[in-house]
Amino acid sequence: MIYLACDHGGYTTKLKVINLFEKYKLEYKDLGTNTTDSVDYPDYAEKLAKAIEKNPDAVGILICTTGIGMSIAINRFKFLRGALCHSVKDAKMAREHNNANVLVMGADMRFRRRKKIINTFLSTEFEGGRHEKRVKKLEKLG
C-alpha cells in the first residue's frame, strides 16, 4: 500500500502522481488535501503517519511546494524515516541505506524525473547489513 498526501502547494502534482498510480494499477490511498486552498502541511503529514502506523509495511509519499516542510513534519514520528529526494540517486540511497519509508518531494520538478524517482523509491529494497545498526540508532533518538 502506498499512502499519498500533500498540501495546497503539492495538490496539482499529487493528481499527476495519482494518474501514474492508476496507469500502473498500483494500490494507493489518497489522504488529501483535495484543494489548492491554503492548508497546514503538518496536518497531512500526520494523517500519513497515522496511516503507516496502522500498516507498517506500507510506504508513503508526501508532496509540498519544496518538500522541506513535509520532510520536517514527517520526521517528527519515530517510526518513520522520510527522505526528501531530488534525484534517482537520492531515492536509491534513501531506501538502500536508510530504509526510508516515506518519499518526500517538492512540487517544482519535471514529471519525467519525478516518475523515475518514484519508481526507484518503490522498487529499491533496504540493504540491511551494516546499515541496520544505524537505522536502529535512529529509532532511539529523541
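Structure's up top.
Residues numbered from 1 in each chain as written. Predicted model: local features only at pLDDT ≥ 70, side-chain atom pairs only at ≥ 80, totals over all residues. Heavy atoms only, no water.

1. Here we look at the packing of aromatic side chains
So, point 1. Per the stated rule, a full pass over the model turns up two aromatic pairs.
So, point 2. Measuring from ring centre to ring centre gives 5.7 Å for Phe21 and Tyr28, while their planes differ by 50 degrees; the resulting arrangement is tilted.
So, point 3. The exposure class of Tyr28 is partly exposed, given its relative accessible area of 23%. (Phe/Tyr/Trp six-rings, centres within 6.5 Å; stacked < 30°, edge-to-face > 60°. Buried < 20%, exposed > 50% of the residue type's maximum accessible area, 1.4 Å probe, protein only.)

2. Overview of the state of the cysteines
So, point 1. Following the criterion strictly, the structure yields zero disulfides and no others.
So, point 2. Residue Cys6 stays outside any disulfide, its sulfur separated by 9.5 Å from that of Cys64, the closest cysteine.
So, point 3. Here Cys85 is not disulfide-linked; the sulfur of Cys64 is the nearest cysteine sulfur, at 13 Å.
So, point 4. Residue classification places Cys85 among the buried residues on the basis of a relative accessible area of 1%. (Disulfide = S-S within 2.5 Å.)

3. Brief notes about the sheet that holds strand β4 (residues 82–84)
So, point 1. Reading across the sheet, the five strands line up as β2-β1-β3-β5-β4 and stay open at both edges, with parallel pairing between neighbours. The sheet terminates laterally at β2 (28–30) and β4, the two strands that pair on one side only. If you compare each strand with its neighbour and ignore which way they point, the axes differ by 20 degrees on average.
So, point 2. The strands that helix α5 (residues 111–123) touches are β1 (2–6), β3 (59–64) and β5 (102–106); relative to β5, the one it contacts most, it runs at about 170 degrees. (Pairing = 2+ DSSP bridges. Helix = DSSP H or I, 4+ residues; strand = E, 2+ residues; numbered from the N terminus. Axes fitted to C-alpha atoms, helices over the stretch in contact; angles between N-to-C directions. Contact = heavy atoms within 4.5 Å.)

4. Some details on the nonpolar core
So, point 1. Among the nonpolar cores identified, the biggest contains 23 residues, and Ile61, Leu103 and Ile118 are the most heavily contacted of them.
So, point 2. Within the residue set of this core, elements represented by two or more residues are β1, α1 (11–23), β3, α4 (88–98), β5 and α5.
So, point 3. In terms of residues, this core owes the most to one element, α1, which gives five residues.
So, point 4. Excluding its chain neighbours within four sequence positions, the residues that come into contact with Leu103 are Gly60, Ile61, Leu62, Ala83, Cys85, Ile117, Ile118 and Phe121.
So, point 5. Listed in part, the 19 residues of the second largest apolar core include Ala5, Tyr44, Leu80 and Val102. (Core = buried A, V, L, I, M, F, W, Y, C linked by side-chain atoms within 4.5 Å.)

5. Some remarks on the side chain of Glu96
So, point 1. By the element assignment, Glu96 lies in helix α4.
So, point 2. Among all residues touching Glu96, those that are not within four sequence positions of it are Thr124, Glu125, Phe126, Glu127, Gly128 and His131.

6. Some remarks on the pairing of β5
So, point 1. Counting buried positions over the five residues of β5 gives five, a clear majority of the element.
So, point 2. In β5, alternate side chains face the same way, and those of Val102, Val104 and Gly106 on one face and Leu103 and Met105 on the other are all buried.
So, point 3. Pairing between β3 and β5: five bridges, direction parallel. Opposite Leu62, over in β5, you have Val104 as the bridge partner.
So, point 4. In this sheet, β5 lies alongside β4 in parallel orientation, the contact comprising three bridges. In the strand pairing of β5, Gly82 is matched with Val102.
So, point 5. Taken together, β4, α4 and β5 constitute a β-α-β crossover, and its handedness is right-handed. (Right-handed = clockwise from strand over helix to strand, strands pointing away.)

7. What about the packing of α1 against α5?
So, point 1. Across the interface, α1 lies against α5 with an axial gap of 11 Å and an inter-helix angle of 55 degrees. Compared by their axis directions, α1 and α5 come out oblique. The element α1 and its partner α5 pack so that their crossing is right-handed. Facing α1, whose interface residues are Thr13, Lys16, Val17, Leu20 and Phe21, α5 presents Phe111, Arg114, Lys115, Ile118 and Leu122.
So, point 2. Looking at the contact of α1 with α5 residue by residue, the classes come out as six nonpolar, one polar and three charged. (Parallel < 35°, antiparallel > 145°, perpendicular 65-115°, else oblique. Left-handed = near helix turned anticlockwise from the far one by under 90°. Nonpolar A, V, L, I, M, F, W, Y, C, P; charged D, E, K, R; others polar.)

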